[in-house]
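Breakdown of the fold
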Amino acid sequence: MIGAGGAGVWMIDKQGKIFQLKDRVHINMGWEQKPGGDARDITVTNDGYAFIVDNKGRIYQWTGFRWDQLDGSDVLRISANDRKIVLISKQREIYTRNY
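Throughout what follows, the structure given in this document is the object of discussion. A quick note: this is a predicted structure, and the numbers were derived from the prediction, not measured.

Quick notes on the pattern of salt bridges
- Scanning the entire structure with this criterion turns up six salt bridges.
- Two residues, Asp41 and Arg77, come together in a salt bridge whose shortest N-O distance is 2.9 Å. Of this pair, Asp41 sits in strand S5 (residues 39–44) while Arg77 sits in strand S9 (residues 75–81), placing them 36 residues apart in sequence.
- The class for Asp41 is buried, based on a relative accessible area of 1%.
- Relative accessible area serves as the criterion here: at 42%, Arg77 is assigned to the partly exposed category.
- Linking Arg97 and Asp71 is a salt bridge whose minimum nitrogen-to-oxygen distance equals 2.6 Å. Here Asp71 lies in the loop between strand S8 (67–69) and S9 and Arg97 lies in strand S11 (residues 94–98), a separation of 26 residues in the sequence.

Cut-offs applied
- Residues numbered from 1 in each chain as written.
- Predicted model: local features only at pLDDT ≥ 70, side-chain atom pairs only at ≥ 80, totals over all residues.
- Heavy atoms only, no water.
- Salt bridge = Lys/Arg side-chain N within 4 Å of Asp/Glu carboxyl O.
- Helix = DSSP H or I, 4+ residues; strand = E, 2+ residues; numbered from the N terminus.
- Buried < 20%, exposed > 50% of the residue type's maximum accessible area, 1.4 Å probe, protein only.

Written out as structure tokens, the structure reads:
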């Protein structure tokens, strides 16, 4: 999974580990691993926020140095922008919330 926006370019690998591209201009600088290793989906907003969903369906927001858990669970997919998060539950229901 890849997410890109104002908070840069982020990636989740096959093991659920989270990475951020070190420098968007000089992409040969590589990726920096971030805390956490159980992510399944990621979204990055144009206004600089990154959110993930872990394998248990919990939602987290990047604070700049750690992931803070938000309320909500049972999430399968996540997308966010314009101060709104759109969530798709495991039951395929769609929810929105502000961030």
